[in-house]
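Tertiary structure, described
Next come the chains, spelled out residue by residue.
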Amino acid sequence: MNADSRLFECREEILSLTMWLANVNSIVNTEGEKVIAHAIHTHLASLDYFRNYPSHLAIVQTEDDESERYNVLAFVKGEKTQNKRTVILMGHMDTVGIDDFNQEQKYAFSPEEWLQFLQSGKLELPAEVQKHAASGKWLFGRGMLDMKSGLAANLFLLSHYAQHPEELEGNLLLLAECDEEDGSHGVLSALKTLKQWKKEHDFQYAAVINSDFVAPLHNGDANRYVYKGTVGKLLPSFFVTGAETHVGAPFEGIDPNFIIAELTKQICYNPELVNEALGETTKPPVSLKQVDLKPVYTVQTALSAFAYYNFFTHSWTPEEVLSKLKKEAEIAFANSLKLMDERYRHYCKQHNQPYQPLPWKVRVFTYEEMEKTLAEKHGEAFTRHMAAFKYHLMYDETLDVRMYAARVVEEAWKWMEDKSPAIFVFYTSLYSPRVALTNETADERILADALEKGVEHVQKSYAHPIKIKHFFPYISDMSFVAMSDDMDEIDAYKRNNPAWGTKLYVAYEDVHELNIPVINIGPYGLDAHKKMERTEIVYSMEIVPNLIDYVLRHVLASDQQ
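Throughout, residues of each chain are indexed from 1 in the direction in which the sequence is written. Only residues with pLDDT of at least 70 get local features here, since the model is predicted, and only at 80 or more are side-chain atom pairs given and counted; chain-wide, interface and lining totals rely on the full set of residues. Excluding hydrogens and water, the side-chain values take into account all heavy atoms of the structure.

1. Some thoughts on the overall build of the chain
To qualify as a helix, a DSSP run of H or I must reach at least 4 residues; to qualify as a strand, a run of E must reach at least 2; elements of each kind are numbered from the N terminus. Secondary structure summary: the chain contains 16 helices and 21 strands in total. Projected onto its principal axes, the C-alpha coordinates of the chain cover approximately 90 × 60 × 40 Å. Classification of residues uses two cut-offs on accessible area relative to the type maximum, computed with a 1.4 Å probe and protein chains only: under 20% is buried, over 50% is exposed, and between them is partly exposed. Counting across all 561 residues of the chain, residues that qualify as buried make up 57%. Note on contacts: a residue pair qualifies if any of its non-hydrogen atoms lie within 4.5 Å across the two residues. A separation of at least 24 residues holds for 79% of the contacts in the chain among residues at least 6 apart in sequence.

2. Focus: the pattern of salt bridges
A carboxyl oxygen of Asp or Glu within 4 Å of a side-chain nitrogen of Lys or Arg is what we treat as a salt bridge. In total, this model carries 37 salt bridges according to the counting rule given. We note a salt bridge from Arg142 to Glu533, for which the minimum N-O separation is 2.6 Å. One end of the pair, Arg142, is in the loop between strand 4 (138-140) and helix 6 (144-163); the other, Glu533, is in the loop between strand 20 (525-526) and strand 21 (534-536), with 391 residues separating them in the sequence. Members of the salt-bridge network, linked through shared partners, are Arg6, Glu167, Asp549 and Arg553.

3. Some points on the sheet that holds strand 20
Paired strands, in this sense, are two strands between which DSSP finds at least two bridges. Strand order in this open sheet of three strands is 4-21-20, and the pairing throughout is antiparallel. Each edge of the sheet is formed by a strand with only one pairing partner; in this case those strands are strand 4 and strand 20. In the sheet, strand 20 pairs with strand 21 via two bridges, with the strands oriented antiparallel. Considered in strand 21, the bridge of Gly525 is made with Thr535.

4. Quick notes on helix 5 (residues 127-135)
Among all positions of helix 5, only Val129, His132 and Ala133 are buried. Axial view of helix 5: buried residues confined to an arc of 100 degrees, hence all on one face. Across helix 5 from its buried face, at more than 90 degrees, point the exposed residues Ala127, Lys131 and Ala134. In the stretch just after helix 5, Gly136 is the one whose phi turns positive, near 75 degrees. Taken from the helix axis, the directions to the C-beta atoms give the arc we talk about.

5. Observations concerning the packing of helix 10 (residues 367-378) against helix 11 (residues 380-393)
Axis definition: a line fitted to C-alpha atoms, limited for helices to the stretch in contact. Angles are taken between N-to-C directions and run from 0 to 180 degrees. Contact geometry of helix 10 with helix 11 gives a least axis separation of 6 Å together with a crossing angle of 125 degrees. Taken as axis vectors, helix 10 and helix 11 run oblique relative to one another. Residues Tyr367, Glu371, Leu374, Ala375 and His378 of helix 10 form the contact with helix 11, whose participating residues are Glu380, Ala381, Phe382, Thr383 and Lys390. Here the residues of the contact of helix 10 with helix 11 sort into five nonpolar, two polar and three charged. An angle below 35 degrees is read as roughly parallel, one above 145 as roughly antiparallel, one from 65 to 115 as roughly perpendicular, and any other as oblique. Classification used: nonpolar for Ala, Val, Leu, Ile, Met, Phe, Trp, Tyr, Cys and Pro, charged for Asp, Glu, Lys and Arg, polar for all others including Gly.

6. Focus on the packing of helix 1 (residues 11-22) against helix 16 (residues 537-557)
Contact geometry for helix 1 and helix 16: axes closest at 9 Å, N-to-C directions at 115 degrees. It follows from the interaxial angle that helix 1 and helix 16 lie roughly perpendicular. Considering how the two elements wind past one another, helix 1 and helix 16 form a crossing that is right-handed. Mapping the contact onto sequence places Arg11, Ile14, Leu15 and Thr18 in helix 1 and Ile537, Val538, Met541, Glu542 and Pro545 in helix 16. Handedness of each helix crossing follows the sense of rotation of the near helix against the far helix: counterclockwise by less than a right angle gives left-handed, clockwise gives right-handed.

7. Quick notes on the nonpolar core
Core analysis: the largest hydrophobic core is formed by 181 residues, its most contacted members being Leu44, Phe50, Tyr508, Ile521, Val551 and Leu552. At eleven residues, helix 16 tops the list of elements feeding residues into this core. Note on terminology: a nonpolar core comprises buried Ala, Val, Leu, Ile, Met, Phe, Trp, Tyr and Cys residues joined through side-chain atoms within 4.5 Å.

8. Remarks on the side chain of His160
Relative to the helices and strands, His160 is located in helix 6. Judged by relative accessible area, His160 falls into the buried class, the value being 14%. Among residues more than four places away in sequence, those in contact with His160 are Arg6, Phe8 and Glu167.

9. Some remarks on the pairing of strand 2 (residues 70-77)
Counting buried residues along strand 2, seven of its eight residues qualify, which places the element largely inside the surrounding structure. As defined by bridge partners, strand 1 (residues 57-61) adjoins strand 2 across five bridges and the pair is classed as antiparallel. Looking across to strand 2, one finds that Ile59 is bridged to Val72. Direction of pairing for strand 2 relative to strand 5 (residues 169-177): antiparallel, over a ladder of six bridges. Counted as the bridge partner of Leu73 is Leu175 from strand 5.

10. Some details on a nonpolar patch on the surface
Taken together, the side chains of Val247, Tyr297 and Val299 define a hydrophobic patch exposed on the protein surface, amounting to about 340 Å² of accessible area. You can see Val247 is positioned in the loop between strand 10 (236-241) and helix 8 (256-267). Candidates for patches are residues over 30% relative accessible area with no salt bridge; among them, like charges are joined within 9 Å and nonpolar side chains (Val, Leu, Ile, Met, Phe, Trp, Tyr) within 5 Å. Computed with the Shrake-Rupley method and a 1.4 Å probe, the accessible areas treat only the protein chains shown as cover for residues.

11. Some thoughts on unusual backbone geometry
Each neighbour pair has its own omega, and for Asp146 with Met147 the value is -10 degrees, a cis peptide bond. Among the structural elements, Met147 can be located in helix 6. You will see that Asn29, though not glycine, has its phi angle at about 65 degrees, which is positive. Inspection of the secondary structure assignment puts Asn29 in the loop between helix 1 and helix 2 (31-45). The phi dihedral of Leu278 falls on the positive side, at around 55 degrees, and the residue is not glycine. You can see Leu278 is positioned in the loop between strand 11 (276-277) and strand 12 (280-281).

What follows is the structure, encoded as structure tokens:
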């Protein structure tokens, strides 16, 4: 058979692998992550290839991680030709939680029983869900879509070439990583192993094929998508100080909640903060937290408040985003002062009281600007104090990285001589870098060409359109095998993250060093992270593995053509 025309008849095998994986409770940050890693390692270790080459299989604990969990990595060296080129198949083992299953949590990791329950009529279901449950064409359950069916496709392909290395040019490497749904400790730790194996085995990493789920982009969208890169994700955060006052004299101060409410109005759903690149646009920012920092009830207004917002990027750098949001904060601050002044004027007129202009002005600073100003003013006294404060704050286990950063900004603010109301803009949490396949390198061109030809190849066997887009629209570990930012742009993010180097550290230099072209070919389904999560069998277990196989073979053989 011509290799270009080959299509695996793999549905039943991948279906069996998917059901096996989906029966394992592997919720992120639980013991289940360890359980599934050991199960996959044991499964691969039973294959003759890995019995003969045990050093080609590894289960590796994550580094700098509060949880005990593991990645599974394995590779097959092809025997068809001598070739250093290596393709990595990547997929995560963990899932989100199951609180959304409510009283039916016992079914979340029992997909056969869950399907039977859905078919029983005991639960009121939307018409589309009823239709899918009765069709025999969909599988339901936590992790079924995100992304155990994708991981099953990767395991199938690795197992096939482990049994038939004579069919393989170059090398095929599997990375089954943990903690994708939270802090990406898995992929970040795996970078060390990938660098080590690259050196030991002289691998030339040509491509990463991630197998995360894909879904419709809007109602009525019948397309199935593959992606040549991924969206970037930032968490811009704002510490807002007001002027405290007794509630009986409200206009003698200004409530930071009033300012931050205007900030949320200015940022959320703002079309001016949508990033367009390569003909595709991000979703607009939305609020993820908004709270004042007053610890107990009093009749005094809060002194400070804190908020952060999700922010996606396609081409904007962290520095550009911070600059844009500083301007938005200035607008929001001005709007809040204007509105308060209007209401104060109205109140004075209404109650026949003398009006005096409110004393506050717009003041917005980035964290880097504040830190630089305070270091210049106070010298080593400030820098030593803040270093000690950050160190001791690490022992407060009640603080996540976001609130830790807010407390650092709050402490620095205490050193400012002018304590009139202000907004401080900074980053908290992990930055997931944007990735675009731009065809600037030979490997990028080879991968893009293989993907286009592969889609054309499998489209003949599938009824729905398969479309290629640039940016995977969800947060994923693709951001940590390649990046479109340079290290100077990453440094701007670090300088404006108060938790950097203490509560938060990412070896972005490892990502930049490897910088492997990455695409996403994953299972199709609906309602990921929801109770009715489900995957379509035909696309996910027939088309996806064959498309991945076509792409990997053409990428590996490219230097032979």
